[in-house]
Every structure is written in structure tokens, then in C-alpha cells.
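# Fold and contact review
Each chain, letter by letter, is given below.
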Amino acid sequence: MKLLIYDDYRLGVLKGSQVVDVTGAAPPAIGTPGPLMAQAVMEGVIQEFAALRPRFEEIAAREAGAALSSVKLRPPLFRPSNLLCAFSNYRDREGDPVRGPLDFFHKGGNAVVGCGDVVELPDIPEASVFQPEPELGYVIGRRARRVSEAEALGYVFGYTNFVDVSARDIPNRRTPFFHKALDTWAPMGPVITTA
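Residues numbered from 1 in each chain as written. Predicted model: local features only at pLDDT ≥ 70, side-chain atom pairs only at ≥ 80, totals over all residues. Heavy atoms only, no water.

## Observations regarding the environment of P132
With respect to the helices, strands and loops of the structure, P132 is situated in strand β8 (residues 129-140). Put simply, P132 and V163 are 31 residues apart on the chain and 6.0 Å apart in space, counted from C-alpha to C-alpha. Those residues in contact with P132 that lie beyond four places of it in its chain are V163, D164 and V165. (Helix = DSSP H or I, 4+ residues; strand = E, 2+ residues; numbered from the N terminus. Contact = heavy atoms within 4.5 Å.)

Structure representation (C-alpha cells):
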């Protein structure tokens, strides 16, 4: 199932090229409609998905929905509590049997923007290139600590498109804030595809 947030922070299911509103079947969130409420709704959906899925499927089968091209897509997660990115999650040299230690950096929730939103490029004199790197984002669905490699995918709720924006040629690139973690530098979505 493909879940998304759209227009005035409605929860939808993507059915082909149509968006079906399932907001009424989602766990209620209190507060003013907006990004923080949308985040709370999506967190509730992730936590209660097994119970919610049949109702979402029923609504999606019954309703025609709106054309995807007619809605404003938002990020599926506005303010994730942790946005961890791997510096090198691949082998640098073909045929190299040795995998190095995991090396992560953190992006803040203020870096998240949605599909079609603007990525702001600040004036950084040392940066000669701003590079968007398309990535696969894993949405962790439940608390995970000291999980074995064999069990890891059991904690994944779903997947989303993610772009890691970077500034290149900055001295001491291993300090990620100035070249990786600025506002708007984590475009995400438009959907979470459930595992």
C-alpha cells in the first residue's frame, strides 16, 4: 500500500494515478491541521497499521479518488524523530570483500521537504558543487535496539524516496552539518510504500 500526505494535510492512499482520502479512518490527532498534526497522524498509522489496513483497503476499493496530478503532494513524514543517513553504505571498490564499519550522520526534521518543493542553496564560498543523491529511505515502524542483522528488516514499516543533498569541496567534509544537514536538504516522498 502507498500512503501519502496531500493538499491541506490529508492522509491518502495512492491507487494507480488516483489519490483516495482515508483521513476519516486514521487515528485522530489533536491540534491545528498542519505539518505537526500530519506527522502525528502518520505516526499513529504506522503504529496501528495492521488494524487500519483493512479499512484503508475498503475505502480505496470503493472511492474513485482525485487525480494525482490535481493534488499538492507533501512529505509523508514532516518531522521524523531521527533521520539517519549512511556516509558509505556500499563497497567503494568492486570486488572488495571487506565491508567497513557503519558511518552515519544525522539530518534534522527541518531538512525535510516534499515532492516538488524548493531546495534552498545557501551561499557557501567553499562549495563548488551542490549534489542531490537519490536514496532509498527505510521507515522504521517500531522501537529498535540491538537488533540482529537477520531481524532488521522485520522492523521496517516501509520505504520512501529520499534525496540527500550535499555541498562538495568543503574542507573537513566529515563534519556533516555544513555540507549535508541544512534546511530543505532532505526531499522526501511522495509516498511511503509499506513493506
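## Remarks on the pattern of salt bridges
Following the criterion strictly, the structure yields seven salt bridges and no others. As a salt-bridge pair, D21 and R10 come within 2.8 Å of each other at their nearest N and O atoms. On the criterion of sequence distance, the pair formed by D21 in strand β3 (residues 18-21) and R10 in strand β2 (residues 10-15) is long-range, its members being 11 residues apart. The partner of E58 in a salt bridge is R62, with the nearest N and O atoms 3.4 Å apart. Of this pair, E58 and R62 both sit in helix α2 (residues 49-62), separated by four residues, roughly a single helical turn. What emerges from the salt-bridge pattern is a single network uniting R55, E58, R62 and E63. (Salt bridge = Lys/Arg side-chain N within 4 Å of Asp/Glu carboxyl O.)

## Digging into the nonpolar core
Counting residues in hydrophobic clusters, the biggest one holds 34 residues, and the most contacted among them are L3, L11, M42, V45 and F56. Looking at this core, the elements that each hand over two or more residues are β1 (2-6), β2, α1 (35-47), α2, β5 (83-86) and β9 (156-168). Sort the elements by how many residues they give to this core and α1 lands first, with six residues. Contact partners of L11, with chain neighbours within four places excluded, come to L4, I5, Y6, V20, D21, V22, T23, A26, V41, M42, V45 and F56. Listed in part, the seven residues of the second largest apolar core include Y6, V19, V71 and L73. (Core = buried A, V, L, I, M, F, W, Y, C linked by side-chain atoms within 4.5 Å. Buried < 20%, exposed > 50% of the residue type's maximum accessible area, 1.4 Å probe, protein only.)

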